[in-house]
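# Architecture and fold: a report
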Amino acid sequence: MPVTSRGLSPFLLAPLLSLSTLALADDAPGPVIDPEAATPAESAPGPVIDPEAASLPQTEAAPHEQRVTRFEIDDNSNIVGKIRVIEAEQEDTLLDIGRQYGIGYEEMRRANPDVSVWYPGEGTEVTVPTRFILPDADREGVVVNIPEMRLYYYPERKEGEPARVETYAISVGRMDWSTPLGKTRITEKQKNPPWYPPQSIIKEHAEDDRELPDVVPPGPDNPLGKYKMRLGIPGYLIHGTNRPQGIGMRVTHGCIRMFPEDVEHLFDKLPVGTQVNLVSEPTKFGWRDETLYVQSFPLLEEDRRSPVIKRVLDADESLVATLKRHAIDTDIDHRRLADAVLIPDGAAVALNVEPEEETPHEPLPGSLYDALPILPHLLYQSVEI
C-alpha cells in the first residue's frame, strides 16, 4: 500500500525539523476572549479580554434541542452526522447559529472563514459543521477530545438497540492552564453550586480593577452555572456557565465548560463513578461507504513549538494503524492528507476520491511526505509563540 513509503528528502526534512507548527496553523494565537469568570478549580495567568469590556455583541440565541447532537452509530462506520448549510437571518451571528446546532465558536469560525462572526448578513450561506469522526478511544462513558473542544457521551448500549453517541461543544483550558489528559471519573455532583474563587483569581481580577467576593452564591452571576460535576483529577470540573457565548474557545483555567442546556441534559445521565477519558487527537481518521476521511484540528498553543515533522509523523502513523486495524485497502491522496494536517480547519476530507474523468490523471503521491509543500521562504524562519 502506498501509505508506508517514507521518501522524505533531506532538502524538505531540514526546514520541517526547524519549523514550528505555529507557522502553518490557520489560527495563530491572538488575544484570548474570555466571556466567563474562572471556576473554583482554576487559577489564572495574565489578564484576559472580556467581550463586554471589548464592546463585542452578546448572543441572545435560544438553547438548542439535544436531538441535533444525538446520533446512532453505524456498525460499519465511525462517522456520525452530516454537514448542514443554512441561510442566516438578519439578526443572526455565527454564535447564534452555532448554539442552535450545538456548535462552538471556533468550530463555526473555521467552517466559515469568509463570514463575519458578528454580522453574517441576511441570506448568507453558513456552514454548520455537524459531521463528526468519533475519537479513537473506548466508547464508554465520556470522551473529551481537547484539541477539538468537543465532548462525546456514549450511553450504555441496550440489548437489541444500536449504539448511540451524544456530542457537545465545550470550552477547555487556555495556554499554561491546559486541561489535563488521562482517564478519570466523576466523583461528585452538585446543583446550584456556590463558587469560591481562589486567591490567585481574586488577585488577577484586582489587577484588572475587577473585584471578586470570597464567595459567589448560586444565581445569574455565578460562572459555574447551575450544574457542576467534579472529576477525580484534583481541581477540575465539568460545569455550566452564565455566559454561553464563550463555549468553543480556550478560555478556562483547566475546567470543561458546557452550554447550560447541555450540562443540564447530561447531569442526570452521568452518575458518580462515570468514566471520563480526556484525550488529545488533533487528527482523526474515519470511514463511511468505503470512503476514508481525515478530520484535523489546530494544535493547542503549548504544542505548537514542536516541529511540523512531528505532526506529519504522528498523522502518518495514525493513518497506517487505522488502515491496518480495519483492513482498509485503498490508495490515499496524500496531498489532501498533507493539506488537512498543515491547514487544519476541522472539515472531514475524503482521502480516496478518484479524479474526474475529464481531468488528466496524475499519479498520487507515494506517501504523505511526497505530498508536503516545499517552503523555501520558511527555510530560515525562526518561529516563537
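Heads up: the structure comes first, above all this text.
As the structure is a prediction and not an experimental result, all values here were calculated from the model.

Rules of the game
- In this convention, every chain numbers its residues from 1, walking through the sequence in written order.
- Per-residue local features are limited, in this predicted model, to residues with pLDDT of at least 70; the limit for side-chain atom pairs, both in listing and counting, is 80 or more; totals at the level of whole chains, interfaces and linings are taken over all residues.
- Water and hydrogen atoms were dropped before computing side-chain values, which therefore reflect all heavy atoms in the structure.
- Pairing of aromatic rings covers Phe, Tyr and Trp, the last through its six-membered ring, and needs centres within 6.5 Å; plane angles under 30 degrees mean stacked, over 60 mean edge-to-face, and all others mean tilted.
- Strands here are runs of E lasting at least two residues and helices are runs of H or I lasting at least four, both read from the DSSP assignment and numbered beginning at the N terminus.
- Think of it in three bands: with a 1.4 Å probe and only protein chains considered, a residue is buried below 20% of the maximum accessible area for its type, exposed above 50%, and partly exposed in between.
- The rule is short: NZ of Lys or CZ of Arg within 6 Å of the ring centre and within 35 degrees of the ring normal puts a charge over the ring.
- For this analysis, a polar contact is any N or O atom pair within 3.5 Å, provided that within protein one partner can donate a hydrogen and the other can accept it, and provided that sequence-adjacent residues contribute only side-chain to side-chain pairs.
- Salt bridge criterion: a side-chain nitrogen from Lys or Arg within 4 Å of a carboxyl oxygen from Asp or Glu.
- A contact between two residues is defined here by any heavy atoms of the two lying within 4.5 Å.
- Paired strands, as defined in this entry, are two strands with at least two bridges between them according to DSSP.
- Axis definition: a line fitted to C-alpha atoms, limited for helices to the stretch in contact. Angles are taken between N-to-C directions and run from 0 to 180 degrees.

Counted by the stated rule, this structure contains two aromatic pairs. Here tyrosine 227 and phenylalanine 267 contribute two aromatic rings whose centre-to-centre distance is 4.9 Å and whose plane-to-plane angle is 50°, an arrangement assigned as tilted. Here tyrosine 227, found in strand 10 (residues 227-231), pairs with phenylalanine 267, found in helix 5 (residues 260-267); they are 40 residues apart in sequence, far enough to count as distant. The residues tyrosine 227 and phenylalanine 267 share a single accessibility class, namely buried. In this structure, lysine 189 is placed above the aromatic ring of phenylalanine 267, and the distance from its NZ or CZ to the ring centre is 4.5 Å.

As for its placement among the helices and strands, glutamate 106 is situated in helix 3 (residues 105-111). Here glutamate 106 falls in the buried class, since its relative accessible area comes to 16%. There is a polar contact of 2.7 Å between the side chain of glutamate 106 and the side chain of arginine 109.

Moving on, we get to the pattern of salt bridges. Side chains carrying opposite charge are able to pair once their charged atoms draw close together. Evaluation of the coordinates by the stated rule reveals twelve salt bridges. Arginine 164 is the partner of glutamate 161 in a salt bridge, and the nearest nitrogen-oxygen pair spans 3.2 Å. Its relative accessible area of 35% is what places glutamate 161 among the partly exposed residues. Overall, arginine 164 belongs to the partly exposed group, its relative accessible area being 35%.

Take the side chain of threonine 93 next. One can find threonine 93 in the loop between strand 3 (84-87) and helix 2 (94-100). Here leucine 95 takes part through its backbone nitrogen, which lies 3.2 Å from a polar atom of the side chain of threonine 93. For threonine 93, the contacting residues outside a window of four places in its chain are Val117, Trp118 and Pro120.

Next up on the list: the sheet that holds strand 15 (residues 283-288). Read from one edge of the open sheet, three strands run 15-16-17, paired in antiparallel fashion. The two strands at the open ends of the sheet, each matched to only one other strand, are strand 15 and strand 17 (348-350). Put simply, the sheet's adjacent strands are angled 30° from each other on average, direction ignored. Pairing of strand 16 (residues 291-296) with strand 17 involves three bridges; the strand directions are antiparallel. Directly across from tyrosine 293, in strand 17, lies its bridge partner alanine 350. Taken strand by strand, helix 6 (residues 308-325) contacts strand 15 and strand 16, and its axis lies near 30° from that of strand 15. Its contacts with the sheet put helix 7 (residues 334-342) on strand 15, strand 16 and strand 17, and the angle it makes with strand 16 is roughly 20°.

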